[in-house]
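Descriptive analysis of the structure
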Amino acid sequence: MEATMAKVHNYSAGPCILPQEVFEEASKAVLNFDNLGLSILEISHRSKNFVAVMEEARSLVKELLNVPDGYTVLFLQGGASTGFLMSAYNMMRENKKGGYLNTGAWAKKAMKEGNFMGKAVEVASSADKNYSYIPKGYSIPSDIDYLHYTSNNTIAGTQFKAVPETNVPLVCDMSSDIFSKEIDVSKFDIIYAGAQKNMGPAGTTLYIVKDEILGKSSVPVPTMLDLKTHADKDSMFNTPPVYPVYVSMLNLRWLKKNGGVAAIEKVNNAKAELLYAEIDRNPLFKGTTAVEDRSNMNVTFVLNDEGLTDKFNELLANANISGLKGHRSVGGFRASMYNALPLSSVQVLVDTMQELEKIS
Ligand SMILES: *Cc1c(COP(=O)(O)O)cnc(C)c1O
């Protein structure tokens, strides 16, 4: 059956495409994990077999991202949406103020959470142009406890090309571009990311936390939202999301086997160049974001003539391209090109755009 199933080019914004071999191995563990005669879904999270999975997942993160000493890696629950709240709770100091770079829907949601136990200050915003660019030339107040930003704006399709320069502690929501390019972890106090954009299936959230910040909040932090709770227990304070951690671990193994982050970054750059070049060349299409701030992960574009939408959608369906519909707040199209999407799938999309040009 697999041999005859047509290949689908999956451009879903999240949950994301994962490598076929990861799905195959993950499915085997559901029936018989580690030759235990038991499913991974029914074993104790305290069993040595699962503890080994958790430890391998954590150490692969450290290895793949060159995480320096003095940082702890955690696989928690609650999604990046809980990360908005947790990061604020854990970073509040005597100012009880966090600074936020408002680059889109996710950043706005993070700001909302920052107001629960302190004050969220908007340091810069690109709301004036529907978040189609990354703000520049802003000044960062010195009386904030931390600066929070979203490295890649999954919905609008913009991406920070450099880490903001600042002396205040830095917090970053990297949900949609973690493991897509090399980063310098030492610049950050907290990095968090929902797994389902580029790391694994939905259900776990990655935290990379500088040990120095643990237990230093100026506000009372509920137990489950305190990163120290989880760091002290090696990410096993309560039952961890066993299966999402397992599948994420398999995907990180796949990434390592394929040359790691530096190698995938080259592929991701090639994918982005190929698609943006076609958007810029093809007179039927137009990109929706500032050229210098274009995301390599989520490429947003529109048809100049919306009357061609049905025809284009038909061609996309014929080419087995799925998940290209733009977010409702932006319209048009969004091609999410996470790590597991091969360059050949991007070529199929480019060919389809050229086909539309030919027949219209
Ligand atoms: C999807 C997304 C979120 C929300 O993640 P959940 O895991 O669904 O809570 C937050 N931030 C960014 C940048 C995202 O892309």
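Residues numbered from 1 in each chain as written. Predicted model: local features only at pLDDT ≥ 70, side-chain atom pairs only at ≥ 80, totals over all residues. Heavy atoms only, no water.

1. Some points on the overall build of the protein chain
When its secondary structure is counted, the protein chain shows 9 helices and 14 strands. Its C-alpha radius of gyration of 21 Å places the protein chain within 12% of the 21 Å reference for a compact globule of 360 residues. The principal-axis extent of the C-alpha atoms belonging to the protein chain is close to 60 × 60 × 30 Å. Looking at the protein chain residue by residue over its 360 residues, the buried ones come to 53%. A sequence separation of at least 24 residues applies to 68% of the contacts in the protein chain between residues at least 6 apart. Total accessible area computed for the protein chain in this model is approximately 15600 Å², and 51% of it derives from carbon and sulfur atoms. (Helix = DSSP H or I, 4+ residues; strand = E, 2+ residues; numbered from the N terminus. Rg over C-alpha atoms; globule rule 2.2 N^0.38 Å. Buried < 20%, exposed > 50% of the residue type's maximum accessible area, 1.4 Å probe, protein only. Contact = heavy atoms within 4.5 Å. Areas by Shrake-Rupley, 256 points an atom, 1.4 Å probe, with all protein chains shown as cover.)

2. What about the pattern of salt bridges?
Following the criterion strictly, the structure yields 15 salt bridges and no others. One salt bridge in this structure joins Glu25 and Arg253, with 4.0 Å as the shortest N-O distance. Remark: Arg253 occurs in helix 6 (residues 242-257) and Glu25 occurs in helix 1 (residues 20-31); sequence separation between them is 228 residues. Accessibility expressed as a relative area gives 38% for Glu25, which makes it partly exposed. For Lys136, the salt bridge is made with Glu292, and the minimal N-O distance between the two is 3.9 Å. Of this pair, Lys136 sits in the loop between strand 4 (119-125) and strand 5 (146-150) while Glu292 sits in the loop between strand 11 (285-287) and strand 12 (298-303), placing them 156 residues apart in sequence. By sharing partners, the salt bridges in this structure join Glu25, Glu56 and Arg253 into a single network. (Salt bridge = Lys/Arg side-chain N within 4 Å of Asp/Glu carboxyl O.)

3. Details of the domain arrangement of the protein chain
Domain assignment breaks the protein chain into domain 1 (23-257) and domain 2 (260-359). In this structure, domain 1 and domain 2 have C-alpha centres spaced 27 Å apart. Linking domain 1 to domain 2 there are 2 salt bridges. Counting only elements with at least two residues in the side of domain 1 that touches domain 2, the list comes to strand 7 (158-159) and helix 6. Take the side of domain 1 that touches domain 2: its biggest share by element is 3 residues, from helix 6. Class assignment for the residues of the side of domain 1 that touches domain 2 results in 9 nonpolar, 10 polar and 7 charged. (Domains from an automatic or database assignment. Nonpolar A, V, L, I, M, F, W, Y, C, P; charged D, E, K, R; others polar.)

4. Remarks on the sheet that holds strand 11
With antiparallel pairing, the 3 strands of this open sheet are ordered in space as 11-12-14. Two strands in the sheet have a free side with no partner beyond their single neighbour: strand 11 and strand 14 (333-336). Geometrically, the sheet is characterised by an average inter-axis angle of 35 degrees between neighbouring strands, direction not taken into account. The sheet contact formed by strand 12 and strand 14 spans 4 bridges and is antiparallel. By the bridge assignment, Val299 is partnered in strand 14 with Ala335. This element, helix 7 (residues 260-281), spans strand 11, strand 12 and strand 14 of the sheet and lies at about 20 degrees to strand 12. The strands touched by helix 8 (residues 309-318) are strand 11, strand 12 and strand 14; relative to strand 14, the strand with the most contacts, the crossing angle is about 25 degrees. (Pairing = 2+ DSSP bridges. Axes fitted to C-alpha atoms, helices over the stretch in contact; angles between N-to-C directions.)

5. Structural notes on the environment of Met236
As for its position among the elements, Met236 is in the loop between helix 5 (227-232) and helix 6. Between the C-alpha atoms of Met236 and Ala193, which are 43 residues apart in sequence, the distance is 18 Å. Residues within four places of Met236 in sequence aside, it is in contact with His45, Arg46, Phe50, Val51 and Met54.

6. Some details on unusual backbone geometry
Note that the residue after Gly14, namely Pro15, is joined by a cis bond; omega there is -10 degrees. Mapped onto the fold, Pro15 is located in the loop between strand 1 (9-10) and helix 1. Backbone geometry places Asn35, a non-glycine residue, at a positive phi of 60 degrees. Note on placement: Asn35 falls in the loop between helix 1 and helix 2 (48-64).

7. Focus on the sheet that holds strand 4
The strand order 2-10-9-8-5-3-4 describes an open sheet built from 7 strands, whose pairing is mixed. In the strand order of this sheet, the two ends are held by strand 2 (71-76) and strand 4, each with one partner. On average, each strand axis in the sheet is inclined to that of its neighbour by 20 degrees, with strand direction left out of account. Bridge analysis of strand 3 (residues 97-102) against strand 4 gives 6 bridges, and the strand direction is parallel. When the bridges of strand 4 are listed, Asn102 appears paired with Ser125. In this fold helix 3 (residues 79-91) packs onto strand 2, strand 3, strand 5, strand 8 (170-173), strand 9 (190-194) and strand 10 (205-210), with an angle of close to 165 degrees to the strand it touches most, strand 9. Where helix 4 (residues 105-117) meets the sheet, it contacts strand 3, strand 4, strand 5, strand 8 and strand 9, and its direction lies at approximately 165 degrees from that of strand 3.

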